Amino acid sequence: MGGNFEYTYNAVRYANLMRLGADLKPDPNWQPGVSGIVNTLAIDRDGGLIVGGERLLDAPSNLIRFGAD
């Protein structure tokens, strides 16, 4: 899930990007450290996640790719 949000669940803070498990609860083991606003999510042909947004890693980066694992 991506966007412009800050959410706390079981004393873990999530901001702007989080992965949900099959039970639709946040996955505390996946903390990508994205600080900017997430505008777009896409899955590439290798199963990785492509994230588009504004200043995603406290740098002028607009795209990030996470591997399928």
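Here, the structure is the one placed above.
Residues numbered from 1 in each chain as written. Predicted model: local features only at pLDDT ≥ 70, side-chain atom pairs only at ≥ 80, totals over all residues. Heavy atoms only, no water.

Caption draft 1: Representation of the sheet that holds strand β4 (residues 49-54). Ordered in space as β3-β4-β5, the 3 strands form an open sheet in which the pairing is antiparallel. Single-partner strands in this sheet number two, and they are β3 (37-43) and β5 (63-66). Here the average twist between neighbouring strands, direction ignored, is 25°. Pairing of β4 with β5, which is carried by 4 bridges, proceeds in the antiparallel orientation. Bridge assignment links V51 to a residue of β5, and that residue is I64. (Pairing = 2+ DSSP bridges. Helix = DSSP H or I, 4+ residues; strand = E, 2+ residues; numbered from the N terminus. Axes fitted to C-alpha atoms, helices over the stretch in contact; angles between N-to-C directions.)

Caption draft 2: Broad picture of unusual backbone geometry. Backbone geometry at N16 places phi at a positive 70°, although glycine is not the residue there. Structurally, N16 is set in strand β2 (residues 12-17). Residue L24 is not a glycine yet carries a positive backbone phi of 65°. Following the sequence through the fold, L24 ends up in the loop between β2 and β3. On the accessibility criterion, L24 (65% relative accessible area) is exposed. (Buried < 20%, exposed > 50% of the residue type's maximum accessible area, 1.4 Å probe, protein only.)

Note that all results are geometric; they support no functional claim without further evidence.
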